[in-house]
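Residue-level listing of the chains:
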Amino acid sequence: FLETTAYFCMKPKMGEKEVSPHSFFSIWHEFSSDFKDFWKKENKLILQERVKEAEEVCRQKKGKSLYNIRPKHDSGIVSKKLQQY
């Protein structure tokens, strides 16, 4: 614990000789909860951007079809029979 507080340059509060675990972990808890909230927000934004990019790619691929649909011509047997009547 002492090495960790020394690594983070934590100094004792006024009137205390050493850094207490309560004071260290209260600050650490605030930091970690804020970091977690920002992490979730950032991941949500990245996910939304990727979804938009994927939707755009799908729209572009739908716009460029690989095949052409031609209108149906009335040249079959049934159409010839119908024309006779």
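Structural data are supplied above this passage.
As a starting point, this report considers the structure included with it. (Residues numbered from 1 in each chain as written. Predicted model: local features only at pLDDT ≥ 70, side-chain atom pairs only at ≥ 80, totals over all residues. Heavy atoms only, no water.)

1. Considering a nonpolar patch on the surface
Consideration 1: A cluster of nonpolar residues, Phe1, Leu2, Tyr7, Phe8, Phe25, Trp28, Phe31, Phe35 and Trp39, forms a patch on the protein surface that exposes about 1100 Å² of accessible area.
Consideration 2: When residues of the nonpolar patch are traced back to their parent elements, those giving at least two are helix 1 (2-7) and helix 2 (21-63).
Consideration 3: Per-element tally for the nonpolar patch: the top contributor is helix 2, with five residues.
Consideration 4: Of note, Phe31 is situated in helix 2.
Consideration 5: In this structure Phe31 comes out as partly exposed when scored by relative accessible area, which is 47%. (Patch = residues over 30% accessible without salt bridge, like charges linked within 9 Å, V, L, I, M, F, W, Y side chains within 5 Å. Areas by Shrake-Rupley, 256 points an atom, 1.4 Å probe, with all protein chains shown as cover. Salt bridge = Lys/Arg side-chain N within 4 Å of Asp/Glu carboxyl O. Helix = DSSP H or I, 4+ residues; strand = E, 2+ residues; numbered from the N terminus. Buried < 20%, exposed > 50% of the residue type's maximum accessible area, 1.4 Å probe, protein only.)

2. Quick notes on the packing of aromatic side chains
Consideration 1: Within this structure, the stated rule accounts for 10 aromatic pairs.
Consideration 2: Summarising the aromatic geometry, the rings of Phe24 and Phe25 are spaced 5.1 Å apart at their centres and angled 80 degrees between planes, so their arrangement reads as edge-to-face.
Consideration 3: Judged by its relative accessible area of 44%, Phe25 is partly exposed.
Consideration 4: Put simply, the rings of Phe1, Tyr7, Phe8, Phe24, Phe25, Trp28, Phe31, Phe35 and Trp39 pair up and form one aromatic cluster. (Phe/Tyr/Trp six-rings, centres within 6.5 Å; stacked < 30°, edge-to-face > 60°.)

3. A look at unusual backbone geometry
Consideration 1: Phi at Cys9 takes a positive value of approximately 55 degrees, unusual for a residue other than glycine.
Consideration 2: As for its position among the elements, Cys9 is in the loop between helix 1 and helix 2.

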